[in-house]
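# Topology and contacts: notes
Okay, here's what each chain looks like letter by letter:
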Amino acid sequence: MTDSEKPQVVIIPEPVEIKRHEGLFEITKKTSLYADTGLKEVVAYLQELFLPALGGEIPTTSKTNNENYIHLLLNSDIPKIGGEGYILKISEKGILIEGNTSAGIFYGIQTLRQLLPKEIESQKAVSNIKWLVPSVSIKDYPRFKWRGFMLDEARHFMGTEVVKKLLELMALHKLNKFHWHLVDDQGWRIQIDKYPKLTEIGSKRELKPKRGEVQNTEETNVYGGFYTKEEIKEIITYAKERCIEVIPEIEMPGHSSSVLAAYPELSCTGGPFEVPTRWGIFADVYCPGNEQVYDFLKDVLDEVIELFPSQIIHIGGDEVPKIRWRSCQKCREKRKKEGFTKYKELQVFLTNYFADYLDSKGRRLMGWNQILDENLASKAISQFWFGKVKETVVHIESGRDTVMTRYLWTYLDHPYKIISLKRAYAYEPIPKKLEEKYHNHVLGLEAPLWTERIPNEKRLYWQAFPRLTAFAETGWTLKKSKNYKIFKKKLEIFLKRLDILEIDYATLEEAD
Ligand code: ACM
Ligand code: ZN
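Here goes a summary of the coordinates provided. (Residues numbered from 1 in each chain as written. Chains lettered and ligands numbered in written order. Predicted model: local features only at pLDDT ≥ 70, side-chain atom pairs only at ≥ 80, totals over all residues. Heavy atoms only, no water.)

### Considering the overall build of the chain
To be explicit about the condition: The secondary structure listing takes helices from DSSP runs of H or I that are at least 4 residues long and strands from runs of E that are at least 2 residues long, numbered from the N terminus. Radius of gyration: C-alpha atoms only; globule rule: 2.2 Å multiplied by the number of residues to the exponent 0.38. Using a 1.4 Å probe on the protein chains alone, a residue whose accessible area is under 20% of its type maximum counts as buried, one over 50% counts as exposed, and one in between counts as partly exposed. Residue contacts follow a heavy-atom distance rule, with two residues in contact if any of their heavy atoms lie within 4.5 Å.
In terms of helices and strands, the chain carries 17 helices and 18 strands. Against the compact-globule benchmark of 24 Å for 512 residues, the chain has a radius of gyration of 24 Å, which places it among compact chains. By the burial criterion, 59% of the 512 residues in the chain qualify as buried. A separation threshold of at least 6 residues defines the contact pool for the chain, and within that pool the share at least 24 residues apart is 73%.

### A look at the environment of Ser127
Considering the arrangement of structural elements, one finds Ser127 in the loop between helix H2 (102-115) and strand S6 (131-140). Distance in space between the C-alpha atoms of Ser127 and Ala53 is 8.5 Å, their sequence separation being 74 residues.

### Quick word on the coordination of the zinc ion (ligand 2)
Worth spelling out the cut-off: The rule for donors is simple: N, O or S, within 2.8 Å of the metal, or within 3.2 Å if the metal is Na, K or Ca. Water isn't counted, so a site may look like it is missing partners.
Protein-derived ligands of the zinc ion (ligand 2) are Cys268 (SG), Cys287 (SG), Cys328 (SG) and Cys331 (SG), with the metal-ligand distances lying across 2.3 to 2.4 Å. All donors to the zinc ion (ligand 2) come from one chain, and their sequence spacing reads C-x18-C-x40-C-x2-C. Of this pair, Cys268 sits in the loop between helix H6 (257-262) and helix H7 (291-307) while Cys328 sits in the loop between helix H8 (323-326) and helix H9 (329-338); the two residues are 60 residues apart in sequence, bridging distant segments of the chain.

### Focus on unusual backbone geometry
Of note, the bond from Met252 into Pro253 is cis; its omega dihedral lies within 30 degrees of zero at -10°. Inspection of the secondary structure assignment puts Pro253 in the loop between strand S13 (245-249) and H6. Pro272 follows Gly271 through a cis peptide bond whose omega is 5°. Looking at the secondary structure, you find Pro272 in the loop between H6 and H7. In this model, Asn128 sits at a positive phi of 55°, which is unusual for a non-glycine residue. By relative accessible area, Asn128 is classed as exposed at 80%.

### Considerations on the packing of aromatic side chains
What counts here: Between rings of Phe, Tyr and Trp, where Trp is taken as its six-membered ring, a pair exists when centres lie within 6.5 Å; planes separated by under 30 degrees are stacked, by over 60 edge-to-face, and by other angles tilted. A ring has a charge above it when a Lys NZ or an Arg CZ is no more than 6 Å from the ring centre and no more than 35 degrees off the ring normal.
According to the stated counting rule, one finds 30 aromatic pairs in the structure shown. With a centroid separation of 5.2 Å and 65° between ring planes, the pair formed by Tyr107 and Trp476 is classed as edge-to-face. In this pair, Tyr107 sits in helix H2 while Trp476 sits in helix H15 (residues 467-476), placing the two residues 369 residues apart along the sequence. Pair check on accessibility: Tyr107 and Trp476 agree, each one buried. Note on Phe178 and Trp180: the rings are 5.6 Å apart at their centroids and 40° apart in plane angle, and the pair reads as tilted. Grouping aromatic residues by their ring pairs yields a cluster made of Phe149, Phe157, Phe178, Trp180, Tyr227 and Phe308. Lying over the aromatic face of Tyr107, Arg147 brings its terminal NZ or CZ to 5.4 Å of the ring centre. Here Lys174 stacks its cationic end above the ring of Trp476, 5.6 Å away from the centre of that ring.

### A closer look at the nonpolar core
Nonpolar side chains in soluble globular proteins tend to end up buried together. We count it as follows: Buried Ala, Val, Leu, Ile, Met, Phe, Trp, Tyr and Cys residues that are joined via side-chain atoms within 4.5 Å together make up what is termed a nonpolar core.
Counting residues in hydrophobic clusters, the biggest one holds 115 residues, and the most contacted among them are Phe178, Trp180, Trp188, Ile190, Phe296, Phe308 and Leu498. Broken down by element, this core gets its largest block of residues, nine residues, from H7. If you look at the next biggest cluster of nonpolar residues, it comprises 36 residues, including Ile27, Ala53, Ile58 and Tyr107.

### Brief notes about H2
Worth spelling out the cut-off: One fewer than the residue count of a helix, multiplied by 1.5 Å, yields its expected span. The term polar contact refers here to a pair of N or O atoms within 3.5 Å; inside protein, the definition further demands a hydrogen-donor-capable atom paired with an acceptor-capable atom, and it admits residues adjacent in sequence only when both atoms are side-chain atoms.
Between its first and last C-alpha, H2 extends 20 Å over 14 residues, near the 20 Å set by a 1.5 Å rise per residue. Sitting at the head of H2, Thr101 places a side-chain oxygen 3.2 Å from the backbone nitrogen of Ala103.

### Points about the pattern of salt bridges
Heads up, the rule is: Counted as salt bridges are all cases of a side-chain nitrogen of Lys or Arg within 4 Å of a carboxyl oxygen of Asp or Glu.
The tally for this structure, following the rule as stated, stands at 37 salt bridges. Of the charged contacts, one joins Glu168 and Arg242 as a salt bridge, the two residues approaching to 2.5 Å between their closest N and O atoms. Here Arg242 lies in the loop between helix H5 (229-241) and S13 and Glu168 lies in helix H3 (residues 160-172), a separation of 74 residues in the sequence. Across this residue pair, the class does not change: Glu168 and Arg242 are buried.

Keep in mind these numbers describe shape, not what the thing actually does.
What follows is the structure in structure tokens.
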């Protein structure tokens with residue numbers, strides 16, 4: 001075999017350690033799969049992943065064998081690789097993936113996927129191909145435990161099939177947190193049984209076809225959509241099978257026009273309001289002086305908690321104008337009663353109220369960095385996107401956790417002219433001024449996709465890829481192993497996989 005015929009080893013994100021050996025292994029009709037009990041979900045995933053292209057399922061066996069095998073073994077004491085790491089060994093006889101947990105083995109499977117010819121991504125059986133993988137030993141584990149992607153479905157609603165496709169792409173990239181922005185001014189996208197008007201009224205707005213919005217409701221001239229509880233459960237299960245945690249975001253107290261359109265009594269003025277069709281920051285927000293608001297939000301969170309197993313619940317907290325609070329009798333009284341001198345303290349009060357509430361339910365509050373305050377509940381996680389990183393550093397040094405998403409580096413909705421692929425790749429989540437002993441409080445990074453200017457699926461993929469591929473490498477790969485030149489070379493080959501997955505990414509010329 002000449003060098004040019006040798007299967008390439010192109011893995012994104014770059015693993016910690018790769019050793020190449022002579023020889024190859026071929027997956028054939030005779031290959032069988034043995035897995036430890038406790039790996040049923042991972043086995044089902046692997047079989048389903050490879051089935052379409054192989055044109056048949058890799059059969060399982062009840063014993064390990066010495067020829068033509070894939071072995072998935074749990075081994076609870078592999079040092080250094082943690083809960084998400086794996087060891088992958090490929091010889092001419094077979095493939096062995098070991099991990100301390102099923103998540104580790106799952107990521108080993110993602111690496112195996114990338115060692116196979118790109119045609120493995122095909123949804124139709126591929127004939128005339130040898131499913132060869134190079135002989136390698138790989139030891140691998142992630143740099144960060146939070147490797148996130150956020151999708152805003154309030155501005156534009158994508159629906160179950162698109163979300164599932166994105167989750168599968170996240171899995172390919174070893175991303176593990178899907179932050180689901182389900183609520184914003186322009187739409188409420190989650191069924192809440194106790195408050196049906198949230199979806200009856202809050203999920204709909206006037207359609208604007210000229211900006212590319214597609215009619216996705218039965219009603220004429222109406223743009224909208226929401227997820228039923230059944231659909232949400234289906235998505236959470238699909239995500240879990242891919243080792244992805246779904247973190248719902250329910251915005252409060254700002255970005256809440258869609259709620260106020262349905263329940264105007266939760267505002268300071270009483271309304272009436274419409275679900276807005278323009279973008280921006282709106283003055284009307286929840287009234288923190290009104291007890292009804294706390295009861296409403298507790299009821300909503302109760303249903304959210306029942307649906308989402310995630311330990312973390314995101315409450316937004318960004319961009320909250322205080323203008324209505326200043327001229328509201330109830331807000332003034334609340335401020336006096338609590339002894340606050342500033343209206344901002346009402347937001348801190350509300351945030352801490354729900355931090356305690358979530359804590360009482362065994363959950364943890366997360367919010368954008370505008371929730372930061374010296375009196376913020378200590379368990380709250382902040383998500384840095386905007387403003388002075390110094391405030392976030394102070395927050396971390398008080399022992400709190402943070403996820404980094406600096407907007408001029410990580411926002412996938414920004415044009416490539418502002419955030420080129422190269423710039424995206426260069427993003428470093430750990431703030432320069434943060435002492436090393438606090439580094440573990442930087443849980444990781446996330447790339448948000450806000451969809452004001454992303455009315456459809458095609459545009460979504462173009463904005464997200466390949467920048468999300470770059471963020472995935474930063475989230476997983478050791479800092480010292482990152483190299484943009486090598487990444488770009490690998491990307492040329494990796495993108496051919498996305499072609500087969502029918503993803504309209506930005507080309508390398510467009511992206512840089
Ligand atoms: C944000 O971009 N408003 C969090
Ligand atoms: Zn008020």
